[in-house]
Amino acid sequence: MEITLDGPHTTVVLNGVKVTDYTEGQPVPERKFDFEPQRGRRPNEGYMGLQNHSDHDIVFFKEVAMKPLSK
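Parameters and conventions
Residues numbered from 1 in each chain as written. Predicted model: local features only at pLDDT ≥ 70, side-chain atom pairs only at ≥ 80, totals over all residues. Heavy atoms only, no water. Salt bridge = Lys/Arg side-chain N within 4 Å of Asp/Glu carboxyl O. Buried < 20%, exposed > 50% of the residue type's maximum accessible area, 1.4 Å probe, protein only. Pairing = 2+ DSSP bridges. Helix = DSSP H or I, 4+ residues; strand = E, 2+ residues; numbered from the N terminus. Axes fitted to C-alpha atoms, helices over the stretch in contact; angles between N-to-C directions. pLDDT = per-residue confidence, 0-100. Patch = residues over 30% accessible without salt bridge, like charges linked within 9 Å, V, L, I, M, F, W, Y side chains within 5 Å. Areas by Shrake-Rupley, 256 points an atom, 1.4 Å probe, with all protein chains shown as cover.

All right, on to the pattern of salt bridges then. Using the criterion set out here, one finds one salt bridge in the structure. In this structure, Lys18 and Asp21 form a salt bridge, with 3.4 Å as the shortest nitrogen-oxygen distance. Look at Lys18 and you get exposed, because its relative accessible area is 52%.

Structural data, given as structure tokens:
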């Protein structure tokens, strides 16, 4: 999985397939469960979120790394 945060623009590529292409300010889905975070504006710096997609999943993250974007 490759997650790219470029200011207000987020892209996520999973196994070579783009699964998210979102720019801050676009509509987001409503929360389905109380335990989901409130979806407000994210800061352009210092924000990182990891997630899973099922109530039945057990998820571990290994070797999470960040690097500056090259422009």
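The side chains of a regular strand alternate, residue by residue, between the two faces of the sheet. In terms of strand pairing, strand E1 (residues 2–6) meets strand E2 (residues 9–14) through five bridges, oriented antiparallel. Looking at E2, one finds that Leu5 is bridged to Thr10. Between E1 and E2, which pair antiparallel one after the other, the connecting turn spans two residues, and Gly7 there sits at a positive phi close to 60°. Where E2 meets strand E3 (residues 17–23), six bridges bridge the pair, whose relative direction is antiparallel. By the bridge assignment, Val12 is partnered in E3 with Thr20. Two successive antiparallel strands, E2 and E3, enclose a turn made up of two residues, where Asn15 displays a positive phi of approximately 50°.

As summarised here, the arrangement of the three strands in space is E1-E2-E3, forming an open sheet in which the pairing is antiparallel. Pairing within the sheet leaves two strands with one partner each, and these edge strands are E1 and E3. Averaged over neighbouring strand pairs, the angle between their axes works out to 10° when direction is ignored.

With that settled, consider the confidence of the model for the protein. When pLDDT is averaged along the protein, the result is 78; 82% of the residues meet or exceed 70. The secondary structure element of the protein with the lowest average pLDDT is E1, at 86, and the one with the highest is E2, at 89.

A word on a nonpolar patch on the surface. On the surface, Met1, Ile3, Leu5, Leu14, Val17, Val19, Leu50, Val59, Phe61 and Val64 cluster together into a nonpolar patch covering about 880 Å² of accessible area. Elements with a minimum of two residues in the nonpolar patch: E1 and E3. You can see Leu5 is positioned in strand E1. According to the relative accessible area criterion, Leu5 is partly exposed, its value standing at 38%.

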